[in-house]
Amino acid sequence: MGDVVAVYSEALGAWTASQVTGLDVATKCAAVLELDWSGPEPGAVADLGDDVQPLRLTHHSWGGNLSYGNHGWVLPRSFTVIGSLPLLVTEPSCSYGSAWGRGEQLARQRHWDSGDREEWNAPYALTCTADELDAEPARGVVRAGVKHLTVRGISRLDCARLVAAFPDLTRLSLSGNLGTLTSAVALNHLPQLQGLTITELFGMDSSDCLLPRHVPELEEVSLYGIPADYAAAMRKTWRPHVRHGVELDVRGARKPEWVAANTANPLRDWDGREHIPRAAYRKAVAQYKATRDAFLAEVTGGEDHGSIAEIGRAFGAAFNVLDSRSSFIETVEREELFDALDFLADEAQIAAGRDLSAARAALTEGVDSSRDW
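> Summarise the packing of aromatic side chains; cite the residues concerned and give the values.
Per the counting criterion, the structure on display carries seven aromatic pairs. Note on Y8 and W15: the rings are 6.3 Å apart at their centroids and 70° apart in plane angle, and the pair reads as edge-to-face. On the accessibility criterion, W15 (16% relative accessible area) is buried. Taken together, the ring pairs in this structure connect W270, F315, F319, F328, F338 and W373 into an aromatic cluster. Seen from the ring of W258, R254 lies directly overhead, with NZ or CZ sitting 4.2 Å from the centre.

Here it is as structure tokens:
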């Protein structure tokens, strides 16, 4: 507590600093207060000047609140302890977030203070879908200015082509829906990479593991819904580096059999979710499949909207019972249940070869009439 840490900020093109104001052993969190300072790399606290102040945010609707939050207590390896100061604040923070601040809030505040009310967007960041990436007219052109890349909706992505186009990445986030990554070993050719997130993507194996000698600055590894052998290799390789400032989060390792069995299961993300009991997950999937079969039979046999509404009511009532036993349906799960209904309706529409908007509405109305969640 009291330590001041410094890190280079891509958002500011300079160094910035924060103070650790508290440590919580139970939650393994550090309370981190960002400072209103940027400049050349500091070697000591004295380099910050005589009037060190916490960063107060007045941009948009912040209303003068401190830029202050609780983060995982592993100090990222890109941060350096430069000394300590008496605590600038003593009250705890009620805010929680995974990533330590690297000057983005200070950049937004300075943008606001300049009088510009347009949203500040990081010029070095690009977010797109896989289709948008493929459709770029400048395909084959090196995009050295992009440091942070987020690609969503991946069905299939060649990592070797991605690395060739974006060789200077420091942050990379890739996500799909049981999509496939090919040539994932090529990510080892991103020597400046600090953060990697991969969600619901497959095609990798143990030989695609990132190696510390190739990506020496890697400090955040977040993997969810990935092949089991790739997950095991990444855990084994990077676990010894946690003590050196690497945050490692690997969950949802899946075997090929699971992938094959769950391709058409829109509730598959519930498998292994911390607050959903295993028995509740199995019963939820069974209820979804029963609802799917009943809906398909109805729309292929005449589309009686009264019967379809009853199928919806049965779905809502079944999940009332499941939730009463373990209370696992929260906001996210509620949205996912309606997404699952959309999924089966889309599937049925393709099978029937006609518009099923009325049947879809009847199903949803039936669910709404009976659900407590």
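Still more to cover.
> Describe empty space enclosed by the protein, listing the residues and the values that go with them.
Taken as a whole and assessed by the stated rule, the structure comprises one cavity of 30 Å³ or more. Taken as a whole, the largest cavity encloses approximately 30 Å³ of empty space. Lining the largest cavity we find H59, H60, R108, H111, W112, D116, E118, E119 and W120. For the lining of the largest cavity, a count of residues per class yields two nonpolar, three polar and four charged.

> With reference to specific residues and values, describe the sheet that holds strand β1 (residues 3–9).
Ordered by their spatial adjacency, five strands build an open sheet running β6-β3-β2-β1-β7, and the pairing between neighbours is antiparallel. Each edge of the open sheet carries a strand with a single partner, namely β6 (68–72) and β7 (80–84). Geometrically, the sheet is characterised by an average inter-axis angle of 40° between neighbouring strands, direction not taken into account. Here helix α1 (residues 104–113) sits on the sheet in contact with β2 (14–24) and β3 (29–39), set at roughly 45° to β3.

Conventions and cut-offs
Residues numbered from 1 in each chain as written. Predicted model: local features only at pLDDT ≥ 70, side-chain atom pairs only at ≥ 80, totals over all residues. Heavy atoms only, no water. Phe/Tyr/Trp six-rings, centres within 6.5 Å; stacked < 30°, edge-to-face > 60°. Buried < 20%, exposed > 50% of the residue type's maximum accessible area, 1.4 Å probe, protein only. Lys NZ or Arg CZ within 6 Å of the ring centre and 35° of its normal. 1 Å grid on protein atoms, 1.4 Å probe; cavity = no way out; pocket = protein on both sides within 12 Å on 5 of 7 lines; lining within 4 Å. Points joined across faces, edges and corners; volume = space filled by probe spheres on them. Nonpolar A, V, L, I, M, F, W, Y, C, P; charged D, E, K, R; others polar. Pairing = 2+ DSSP bridges. Helix = DSSP H or I, 4+ residues; strand = E, 2+ residues; numbered from the N terminus. Axes fitted to C-alpha atoms, helices over the stretch in contact; angles between N-to-C directions. Contact = heavy atoms within 4.5 Å.

So yeah, pure geometry; function would need other evidence.
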